[in-house]
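Descriptive analysis of the structure
The chain contents come next:
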Amino acid sequence: MNASPRVGILALQGAVAAHQRSLAGLGVSATLVRTPDDLDRVEALVLPGGESTTLWHLLKVNGLAEPLADRLAGGMPALGTCAGMILLASDVLDGRTDQGWFSAIDLTVRRNAFGRQVDSFECDLELPAVGAPDLHAVFIRAPQVERVGPGVEVLAAVDGGPVAAREGSVIVTAFHPELTPDTRVHRLFVDLVAER
Ligand code: GLN
């Protein structure tokens, strides 16, 4: 049997431990990535939820923004959830002027826009890529997808708005798959990494 893929979790801020638990449930012992050296040791990266403005600042301060941009441009598989989705998008609306992102998936997202009237909500989602039953999804000040590029596959939607998508080896979700015991989104990602 192949060794489990070397998956890292960007561990500067946000829902790091929850992603670690989800991956551990699949037998994947994730590396916490805080430095360029850590990044060199992984073949795929989870970008967690948190606060994309803070995450960007910490990426810069820790010297990770450039090496991570290079890895993503080189095709490193990535899973971005909520703030992680914002960091991976190609265009960010309602961001801070000093906020950057990686343009690793051809999506335009608007920060803090999804379910604006309630801020946070939960629902059951049909996500054919992971099969039945529906997936329970937790949204916390989630980004709203406002444009989907031609090469992007929408994996799930709520009221017609995309909430999960994939382009090449990049998967993003506006919700937090790490906050429920259901590991099927992480499984989708780990399988994608193992296939490469
Ligand atoms: N609103 C946050 C941001 O803009 C994302 C929220 C989250 O990750 N739960 O970064």
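Higher on the page you've got the structure.
Since this is a predicted model, take the numbers as computed values, not measurements. (Residues numbered from 1 in each chain as written. Predicted model: local features only at pLDDT ≥ 70, side-chain atom pairs only at ≥ 80, totals over all residues. Heavy atoms only, no water.)

A word on the pairing of strand β4 (residues 78-81)
Of the two faces of β4, both are covered, the one formed by Ala78 and Gly80 as well as the one formed by Leu79 and Thr81. In terms of strand pairing, strand β3 (residues 44-47) meets β4 through three bridges, oriented parallel. When the sheet's bridge partners are listed, leucine 47 is paired in β4 with glycine 80. Inspection of the sheet shows β4 paired to strand β12 (residues 170-173) by four bridges, in the parallel sense. Bridged to leucine 79 within β12 is isoleucine 171. (Buried < 20%, exposed > 50% of the residue type's maximum accessible area, 1.4 Å probe, protein only. Helix = DSSP H or I, 4+ residues; strand = E, 2+ residues; numbered from the N terminus. Pairing = 2+ DSSP bridges.)

Details of the site of the ligand
If you check the shell around the ligand, you find Gly49, Gly50, Glu51, Ser52, Cys82, Ala83, Ile86, Arg111, Asn112, Ile140, Arg141 and His176 and nothing else. Here an oxygen atom of the ligand and a backbone polar atom of glycine 50 are 2.9 Å apart. In this structure, arginine 141 approaches the ligand through a main-chain N or O atom, which is 3.0 Å from a nitrogen atom. For the shell around the ligand, the residue count by class is four nonpolar, five polar and three charged. (Near = heavy atom within 4 Å. Polar contact = N/O pair within 3.5 Å; in protein donor to acceptor, adjacent residues only side chain to side chain. Nonpolar A, V, L, I, M, F, W, Y, C, P; charged D, E, K, R; others polar.)

Some points on the environment of threonine 53
Turning to its location among the elements, threonine 53 is positioned in helix α3 (residues 52-61). When the C-alpha positions of threonine 53 and arginine 96 are compared, they lie 6.9 Å apart, and in sequence the two are 43 residues distant.

Overview of the sheet that holds strand β9 (residues 144-148)
Taken together, the three strands give an open sheet; going across it, the order is β5-β6-β9, and neighbouring strands pair in mixed fashion. In the strand order of this sheet, the two ends are held by β5 (89-93) and β9, each with one partner. Between one strand axis and the next, the sheet turns by 25° as a mean value, whatever way the strands run. As paired strands, β5 and strand β6 (residues 105-110) are joined by four bridges and run parallel to one another. Residue leucine 93 lies in a different strand from β6, and its bridge partner there is arginine 110. (Axes fitted to C-alpha atoms, helices over the stretch in contact; angles between N-to-C directions.)

Points about the sheet that holds β12
Strands sit in the order β2-β1-β3-β4-β12-β11-β10 across an open sheet of seven strands; the sheet is mixed. With one partner strand each, in any of the chains shown, β2 (31-33) and β10 (153-158) form the two edges of the open sheet. Taken pair by pair, the neighbouring strands of this sheet meet at an average axis angle of 20°, ignoring direction. Along the sheet, helix α1 (residues 16-24) makes contact with β1 (7-10), β2, β3 and β4, crossing β1 at roughly 160°. (Contact = heavy atoms within 4.5 Å.)

Remarks on the side chain of histidine 19
Its location among the elements puts histidine 19 in helix α1. With residues near it in sequence (within four places) discarded, histidine 19 still touches Ile9, Val46, Pro48, Thr81, Glu178 and His186.

A look at unusual backbone geometry
Residues alanine 132 and proline 133 are joined by a peptide bond in cis, for which omega reads -5°. Examined against the element boundaries, proline 133 turns out to sit in the loop between β7 (120-125) and β8 (135-140). A positive phi is found at aspartate 119, a non-glycine position, where the angle reads about 70°. The residue aspartate 119 is located in the loop between β6 and β7 in this model. At arginine 141, a position not held by glycine, the phi torsion is positive, near 40°. Mapped onto the fold, arginine 141 is located in the loop between β8 and β9. Exposure remark for arginine 141: the relative accessible area of 41% places this residue in the partly exposed category.

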